[in-house]
Amino acid sequence: MERLLEGLNAQQREAVTWSGGSALVLAGAGSGKTRVLTSRMAWLMQTGQVEAEAVLAVTFTNKAAREMVTRLGALARGNAREWWVGTFHGLCHRFLRLHYREAGLPAQFQILDMTDQQSVIRRVLKSLHVEDDQLSLRQAQQAINRYKEQGLRAAVVERHSAVHRLIQEVYEVYERQCQTDGTVDFAELLLRCVELWQRSGALRDHYQARFKAILIDEFQDTNALQYRWLKLLRGPHAEVFAVGDDDQSIYSFRGAEVANMRHFERDFAVQKVIRLEQNYRSTGTILDAANALINHNTQRFGKTLWSDSERGRPIRLFAADNDESEARFVVGDMVSHQAEGARLSEMVVLYRSNAQSRVLEQALVAQKVPYRVYGGLRFYDRQEVRHALAYLRLVVAPDDDQAFLRVVNFPPRGIGARSLELLQQAAQEAGNSLSRSAAGMTLAGKAGQGLRQFLETLAYLRTEVESGRALADVTRTLLERSGLLDYYRQDKGGEERIANLEELISAVYSFVEQQSSDLVTFLAHASLEGGELEAHDGVDSIQMMTVHAAKGLEFERVWIVGMEDGLFPHDNALGEPRGLEEERRLAYVALTRARQHLTLSHARARVLHGQLRYGKPSRFLEEIPEALCLKLGMEQGDRRNESYHATSSLSRSPWRVGQRVRHAKFGEGTVLAFEGDGAEGRLQVNFRDFGIKWLALAFAKLTGL
DNA sequence: ACTACGAGACTTTTT
DNA sequence: GTCTCGTAGT
């Protein structure tokens, strides 16, 4: 048991062994919060204070949940399957499967992910003849989710203006459609739980009595509904242990409320706020920069990161002429770091928005540097995979109209718009789902034949599932019989899609091996865990991602590009009252990802939305003390704004940024910057063995490589 | 039923 | 610049 506490600092230890009721832990970046969280769980169990089944731990991402289970498995005994550790949505799903009847759901209810939800709403908008200029799909989706997060049903929603009345109507029809389809969207998972506990005292009492210790990670990211959920679940004798960092709250745009941290202190009678301020990740210089930056925010809980580690290198600032030269610089710079012996996978380029990745990718391709972009299309989002899943869905939940419409004529089997119209009409009149009314209907000609074939395929698959055939086999049969495989075989460029469908079969197979052989459970898994693709190729490559995607990760060497006003902070954020502060927190998250090396760059001009735009250096750059920085490509000691403009054009340099050169004395290096004019100028070079040097071109003997 | 073309968006995004 | 959606035309 003592082993659990070994190597923890005083504050971490205090948090792990705390026993005075609910607690709030303010855990700074890199302060070992996951370790504290898992150690505390293990501590509660090992000291016998709480039984394993009385502990519930909530995270936001599946990845975090998985990590917690893994770490806990190493610390505590017991069956990981039975622990209530998961995401808010995952846990709600578990509750609802157990109590679907009380929650008013069919046994086979399905989960809609964002894309699914979008298609349902699109259909609703169409059926109500809502034009795009009255209410866009995006607006409608956002409004519905906002309402649900406020706990508001369509029946009680405001109707003051025409738009609100329209939204209300859409919301109402959407609710009804989901109910008949037997589907729930993400917010609905939470809302159903909340309503269920509010309605059924017995059920609420049961769970309140059961969970004695509730732990929550990333508390600053909770929304109003999640907070309500928590308040309902917490019984009179339970303690809630919340870990969060108000300075890393970067998701308010999707409803996260940092204010929940303050409410929590009050509502849960928190006696003690524990601060984890010792950082085990970054150099002193990087922490100083991050602290200085975040100090410009008001309304903080207040927390200052410090560390025992070395000062480290200065933070490098680079001013580029345009986005392309910025990209060339970054790539060349990374290559020279690699030449120093650093691994590419320990280097990351962070950017504010996804659109920025393109220029970088081009530069990487040009210099033949392997890279990996995070945050692309996820496995279960691919068209062909979604088609296949829609079939599987119809196998277990025939009444799901959405799934029905998706694949009734895919691959094409002659069921056109006219037939579907007839079908929908018949279904409406009979108050039936599409597939039920389709079963009792005879269509003429090709459409009738196609429909019959479609229904027969589904019926056949159902018998397969009922007879207990292995799910992977059923999936293969489905792909063959539905004609999906044939369709993509004939499709030019369909090889990748076929490969993905094969991949789906293996995904089903390994899911059955590892978790469950139940099809409904698999489908829920597919919706809840989008199937992020891990880098399984063994190639050492540069990492690229948005700052949001980098939260929770750390890297040896970090480059942050596009540090310009308008981009970072982003223009659109400045309109919101608290927008700038959130952008600053985002910048704070970005800086604190770096362990040893940090480079920030901006471009004086860049192509955005297909137009050339000129931008000033980000105000955040000015908020970082100059003494911590080393400016590349400009006179040292110059004050910021002035000097940024004083730097002369690289076009007058005989050398290009990113170019590899050899010096008689210093050896190999990469050109970082140039100033001056032609042969009169000075060149800044990062030498592999001698570091960064300024060289007067008139004297230096350089050769290109 | 499929394709081709044009309009309009476009910050961040997990579940 | 690039994607997605919707429509008009074949």
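Located above this text is the structure these notes cover.
Keep in mind it's a predicted model, so treat the numbers as computed, not measured.

Thoughts on the sheet that holds strand E7 (residues 239–244)
Strand pairing within a sheet occurs via backbone hydrogen bonds; the two strands may be parallel or antiparallel.
Part 1 of the argument: On the basis of which strands lie adjacent, the open sheet formed by 6 strands has the order E3-E2-E6-E7-E1-E8 and parallel pairing. Only two strands of the sheet have a single partner each, and these edge strands are strand E3 (84–87) and strand E8 (272–276). Put simply, the sheet's adjacent strands are angled 15° from each other on average, direction ignored.
Part 2 of the argument: Where strand E2 (residues 55–59) meets E3, 4 bridges bridge the pair, whose relative direction is parallel. Bridging across to E3, Leu56 finds its partner in Trp84.

Some remarks on the protein's contact with DNA strand C
Part 1 of the argument: Taken together, the residues surrounding DNA strand C are Arg122, Arg358, His609 and Gly610.
Part 2 of the argument: Protein-adjacent atoms of DNA strand C, using a 4 Å cutoff, are sugar or phosphate at a proportion of 58%.
Part 3 of the argument: Between DNA strand C and the protein, one listed contact pairs a phosphate oxygen with a side-chain N or O atom of Arg122 at 3.3 Å.
Part 4 of the argument: Here His609 contributes a backbone N or O atom positioned 3.5 Å from a base oxygen of DNA strand C.
Part 5 of the argument: Its residues placed into classes, the surface near DNA strand C shows no nonpolar, 2 polar and 2 charged.

Let's talk about the pairing of strand E14 (residues 594–608)
Part 1 of the argument: Taking burial as the measure, the 15 residues of E14 include 13 buried ones, the bulk of the element.
Part 2 of the argument: Across 6 bridges, strand E9 (residues 315–322) lies against E14 in parallel orientation. Bridged to Phe318 within E14 is Ser601.
Part 3 of the argument: Here 5 bridges tie strand E13 (residues 555–560) to E14, and the two strands are oriented parallel to one another. What sits directly across from Arg557, in E14, is His597.

What about the side chain of Asp116?
Part 1 of the argument: Examined against the element boundaries, Asp116 turns out to sit in helix H6 (residues 114–127).
Part 2 of the argument: Using a relative accessible area of 11% as the deciding quantity, one classes Asp116 as buried.
Part 3 of the argument: Once residues within four sequence positions are removed from consideration, Asp116 is found in contact with Ile111, Arg386 and Arg393.

Comments concerning a nonpolar patch on the surface
Part 1 of the argument: Together, Val607, Leu612 and Tyr614 give the surface a local cluster of nonpolar side chains, amounting to about 370 Å² of exposed area.
Part 2 of the argument: Inspection of the secondary structure puts Val607 in strand E14.

Looking at the protein's contact with DNA strand B
Part 1 of the argument: Around DNA strand B, the structure places 26 residues, and the nearest of them are Asn62, Arg352, Asn354, Gly416 and Thr546.
Part 2 of the argument: For DNA strand B, the fraction of atoms within 4 Å of the protein that belong to sugar or phosphate moieties is 56%.
Part 3 of the argument: Here a sugar or linking oxygen of DNA strand B sits 3.4 Å away from a polar atom, N or O, in the side chain of Thr87.
Part 4 of the argument: Asn354 has a polar backbone atom sitting 2.6 Å from a phosphate oxygen of DNA strand B.
Part 5 of the argument: Partitioning the surface near DNA strand B into residue classes produces 8 nonpolar, 14 polar and 4 charged.

About the thresholds
- Residues numbered from 1 in each chain as written.
- Chains lettered and ligands numbered in written order.
- Predicted model: local features only at pLDDT ≥ 70, side-chain atom pairs only at ≥ 80, totals over all residues.
- Heavy atoms only, no water.
- Pairing = 2+ DSSP bridges.
- Helix = DSSP H or I, 4+ residues; strand = E, 2+ residues; numbered from the N terminus.
- Axes fitted to C-alpha atoms, helices over the stretch in contact; angles between N-to-C directions.
- Near = heavy atom within 4 Å.
- Polar contact = N/O pair within 3.5 Å; in protein donor to acceptor, adjacent residues only side chain to side chain.
- Nonpolar A, V, L, I, M, F, W, Y, C, P; charged D, E, K, R; others polar.
- Buried < 20%, exposed > 50% of the residue type's maximum accessible area, 1.4 Å probe, protein only.
- Contact = heavy atoms within 4.5 Å.
- Patch = residues over 30% accessible without salt bridge, like charges linked within 9 Å, V, L, I, M, F, W, Y side chains within 5 Å.
- Areas by Shrake-Rupley, 256 points an atom, 1.4 Å probe, with all protein chains shown as cover.
- Salt bridge = Lys/Arg side-chain N within 4 Å of Asp/Glu carboxyl O.

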